[in-house]
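Single-letter residue listing:
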Amino acid sequence: MTAEAKHRLIALIDVNSFFVSCERVFDPGLRDNPVVVLSNNDGCVVARSNEAKAMGIEMGQPWFKLAPRAPSYW
Amino acid sequence: MGSMLALHPRPVSPAEATTLLSAAPVSVACGFPSPAQDYVTETLSLDERLIRDKEATFIVEASGSSMVDAGISDGDPLLVEKGRTPEHGDIVVAVLNGELTIKRLHVGRGAVVLRSESGTHPDIVVDELSELTIWGVVTWSLHRVR
């Protein structure tokens, strides 16, 4: 191994519920609420806040199945 | 009146710095064109002038009138820099009640206060800066005059 390879540092950055966390940066009103982020086109859950996880929402669930449980936010 | 809010935060454009103005070493006079016009050497980039850290800078729209005395009018676009340590006297964007609000920050001995310039809204008083969520520091207010 080269001297350079021995000293190489690799950073791994993991963020809790990444997409949800991103949305919350620009909309603080989403904090403390159950939030899910959906995929393009299919509209399946790709990120869940802790509150959403506690509600039993599973990764990959399509939105049409969750919609009846969602109160109006916007 | 309610707190002035910071709406629709968006990042600044990632485009290359645009050269918009020539800082001509002449003043606008009537009649005689200045021979110095051919010797303009300095151009001014608004991106360079206004933005210190592009990745950390966002534009928000001021909504409300409680910060008029600070030079921020309703509808003005504001440049807000995140990640900058707020200091006493800064106009900041703070998270209050789930909203991004615009306030003046006062840091004193033993107390930190968020104040709206007009004085019609109650002060937010905490013991330490770390108790507040400061979203960013307002660096520029862009007020349209025409």
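Above this text sits the structure in question.
Small disclaimer: the values here were computed from a predicted structure and weren't measured. (Residues numbered from 1 in each chain as written. Chains lettered and ligands numbered in written order. Predicted model: local features only at pLDDT ≥ 70, side-chain atom pairs only at ≥ 80, totals over all residues. Heavy atoms only, no water.)

**Some remarks on the pattern of salt bridges**
Overall, the coordinates contain six salt bridges over all chains when judged by the stated rule. Notably, a salt bridge pairs A:Arg24 with A:Glu51, separated by 3.1 Å at the nearest N-O pair. Linking A:Arg24 in helix 2 (residues 18-26) with A:Glu51 in helix 3 (residues 50-54), this pair joins segments that are 27 residues apart in sequence. Here A:Arg24 falls in the buried class, since its relative accessible area comes to 16%. On the basis of relative accessibility, which here comes to 26%, the residue A:Glu51 falls in the partly exposed class. Between B:Asp123 and B:Arg115 there is a salt bridge, with its nearest N and O atoms 3.2 Å apart. The class for B:Asp123 is partly exposed, based on a relative accessible area of 37%. With a relative accessible area of 31%, B:Arg115 lands in the partly exposed category. Each member of the salt-bridge network shares a partner with another, and the members are B:Arg52, B:Glu81 and B:Arg84. (Salt bridge = Lys/Arg side-chain N within 4 Å of Asp/Glu carboxyl O. Helix = DSSP H or I, 4+ residues; strand = E, 2+ residues; numbered from the N terminus. Buried < 20%, exposed > 50% of the residue type's maximum accessible area, 1.4 Å probe, protein only.)

**Some points on the side chain of B:Ser66**
Residues and elements named next belong to chain B. For Ser66, the position within the fold is in the loop between strand 4 (57-63) and strand 5 (77-81). On the basis of relative accessibility, which here comes to 0%, the residue Ser66 falls in the buried class. A distance of 2.9 Å separates the side chain of Ser66 from the backbone nitrogen of Met4, its partner in a polar contact. (Polar contact = N/O pair within 3.5 Å; in protein donor to acceptor, adjacent residues only side chain to side chain.)

That is the geometry; function is a separate question.
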